[in-house]
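Okay, here's what each chain looks like letter by letter:
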Amino acid sequence: MTAASQERDGQRLPLTGLKIVDLSHFLAGPFATMILGDLGADVLKIEPPAGDPVRNLPPHEIAGNSTFFFSVNRNKRSKTIDLKSPAGREQFLEIVAEADVVCHNFRPGVMERLGLGYEELLKRRSDLVLCSLYGFDSEGPWAGYPAVDSLLQALSGVMDLTGELDGPPSRVGYQIGDTAGGLWAAIAILAGLHGRNTDGEARHVEVSLFDAQLSLLVWQAQDYLTHDVVYQRMGTRHATFPPSQAFECADGRYVYATPSAIPRWWTGYCRALGRPEIADDPRFHDLAARQQNRAELEQIVASAFKERPSGEWVERFRAQDVPVALVQNVAEAFALPTVARRNMVVPVELSDGSTARMVGNPIKTGVPERFTAPPGLGQHNDAPNFLPSPSRHPEHTA
């Protein structure tokens, strides 16, 4: 990454000039800092001499690194530092003096034991934003308890809500425990920076991965807190809007269509289904009735879906402007035309001159995006800590 890559044709990515020290490893923290790097921040990843533990995680690799590591460490540079040594500690503090943000996901107390606690960091950069990403809590009996994605899903209720009613709990199929925490960490860092830029004061923001999972329960959590309702897992069914679920079609594929709570979608759903008469059936005419008579309604709908192939069902529901989707695998999802139009698959150049594809950033700023491949371990040990800060645009200069 060069200074020129941060600015194209006079246009800058929103976080150009922001300097972030990334001490995080595994997934949640690196995901957060990659988001900020995608948006223009200069992210310096500090790794122990052995590297981020997931660099060599089997079974698949790209350019000598695991796909796991590759997926969350683009738009960064790498320096290796032994933080347990006096020389390494001093080198790190010299980097902090130049930085705006430090992000870590060590367990509580680790930074302090290294001699790199918040107060020590402030001696080198008095307006620093420190983001601490913990599994659970920063103190108390849960402080330091190890947190991994599936554990977070199990403890937060997410796993109990996932799966078929008559089957065992199931984990969400991707790393929602880690990625949700990473998203909240990115938000926390931006909030800390806004506060710092408003009053000039340092900020220490904390994110708990467990808290992040609770926050995503939204209305299921609210129904529990308000009415003591504990929802059961329902497979693809939506608890509130029957018959919103995936139904098997004549060709064996599944289609998900939903009338939601909008009356015109319910009548359109019935017309698309070829059962217009049930729209006004007293058992199903409004949402409350459909909730009360869910089992009868699902039987009628399931029988209807078996009459036609999936592609025909998608066309029929779209013709009625009713939300509908074919249940697809990941390969089919990436083949959709909107993926290319939205630049959601991006090429990155590898050190040998070849290219690899990565998932793009969903935030579009109107400024040309830039993506660099994840760095090799210690690739930038001999390079300056950060890129030169760009000068302000003339129109923004007092």
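A look at unusual backbone geometry
(1) Moving on: Across the junction of Pro58 and Pro59, the peptide omega takes the value 15°, indicating a cis bond.
(2) Moving on: Structurally, Pro59 can be placed in the loop between strand E4 (42-47) and strand E5 (61-62).
(3) Moving on: Note the cis peptide between Pro242 and Pro243, where omega equals 5°.
(4) Moving on: Along the chain, the position of Pro243 falls in the loop between helix H10 (218-227) and strand E11 (245-248).
(5) Moving on: The phi dihedral of Asn75 falls on the positive side, at around 55°, and the residue is not glycine.

Quick notes on the nonpolar core
(1) Moving on: Leu18, Ile20, Leu36, Ala41, Val101 and Ile189 are the most contacted members of the largest nonpolar core, which has 29 residues in total.
(2) Moving on: For this core, the secondary-structure elements that each account for two or more residues are helix H1 (28-38), strand E8 (101-104), strand E9 (129-134), helix H8 (176-199) and strand E10 (203-208).
(3) Moving on: In terms of residues, this core owes the most to one element, H1, which gives six residues.
(4) Moving on: Excluding residues within four positions of it along the chain, Leu18 makes contact with Ala41, Asp42, Asp100, Val101 and Leu193.
(5) Moving on: The next biggest cluster of nonpolar side chains, apart from the first, holds 24 residues, and it includes Ile46, Ile95, Val102 and Met111.

Re the sheet that holds E11
(1) Moving on: Ordered by their spatial adjacency, three strands build an open sheet running E11-E12-E13, and the pairing between neighbours is antiparallel. Whereas interior strands pair on both sides, the edge strands pair on one side only; in this sheet they are E11 and strand E13 (324-326). Strand after strand, the sheet turns through a mean of 25° between neighbouring axes, direction not considered.

As for the packing of helix H11 (residues 263-273) against helix H14 (residues 310-319)
(1) Moving on: Contact pair H11 / H14: the axes reach a minimum separation of 8 Å and the direction vectors enclose 145°. Helix-helix and strand crossings are classified by hand; for H11 and H14 the assignment is right-handed. Of the residues in H14, those in contact with Tyr269, Arg271, Ala272 and Leu273 of H11 are Trp313, Arg316 and Phe317.

Observations concerning the confidence of the model for the protein chain
(1) Moving on: Here the protein chain averages 94 in pLDDT, and 95% of its residues register 70 or above.
(2) Moving on: Taken together, the stretch residues 393-398 has pLDDT below 50 and engages in four contacts with residues farther than four places along the chain or on a different chain.

Describing the pattern of salt bridges
(1) Moving on: For the structure on display, the rule yields 25 salt bridges.
(2) Moving on: In this structure, the salt-bridge partner of Arg283 is Glu296, at a minimum N-O distance of 3.0 Å. In this pair, Arg283 is assigned in the loop between H11 and helix H12 (287-292) and Glu296 in helix H13 (residues 294-305), connecting sequence segments 13 residues apart.
(3) Moving on: For Glu296, a relative accessible area of 35% gives the class partly exposed.
(4) Moving on: Salt bridges linked by common partners bring Asp100, Arg125, Asp127 and Arg196 together as one network.

Some words on the packing of helix H6 (residues 149-156) against H8
(1) Moving on: Two elements in contact, H6 and H8, have axes whose closest approach is 7 Å; the angle formed by their N-to-C orientations is 90°. In terms of their interaxial angle, H6 and H8 are classed as roughly perpendicular. Facing Asp149, Leu152 and Gln153 of H6, the residues of H8 in contact are Ile176, Gly177 and Asp178.
(2) Moving on: A per-class count over the contact of H6 with H8 returns two nonpolar, two polar and two charged.

Thoughts on helix H3 (residues 86-96)
(1) Moving on: Of the residues making up H3, those classed as buried are Gly88, Phe92, Leu93, Ile95 and Val96. Seen end-on, H3 carries its buried residues on one side only, within an arc spanning 155°. Relative to its buried face, H3 has exposed residues pointing more than 90 degrees away, namely Pro86 and Ala87.

Rules used in this analysis
Residues numbered from 1 in each chain as written. Predicted model: local features only at pLDDT ≥ 70, side-chain atom pairs only at ≥ 80, totals over all residues. Heavy atoms only, no water. Helix = DSSP H or I, 4+ residues; strand = E, 2+ residues; numbered from the N terminus. Core = buried A, V, L, I, M, F, W, Y, C linked by side-chain atoms within 4.5 Å. Buried < 20%, exposed > 50% of the residue type's maximum accessible area, 1.4 Å probe, protein only. Contact = heavy atoms within 4.5 Å. Pairing = 2+ DSSP bridges. Axes fitted to C-alpha atoms, helices over the stretch in contact; angles between N-to-C directions. Left-handed = near helix turned anticlockwise from the far one by under 90°. pLDDT = per-residue confidence, 0-100. Salt bridge = Lys/Arg side-chain N within 4 Å of Asp/Glu carboxyl O. Parallel < 35°, antiparallel > 145°, perpendicular 65-115°, else oblique. Nonpolar A, V, L, I, M, F, W, Y, C, P; charged D, E, K, R; others polar. Arc of directions from axis to C-beta.

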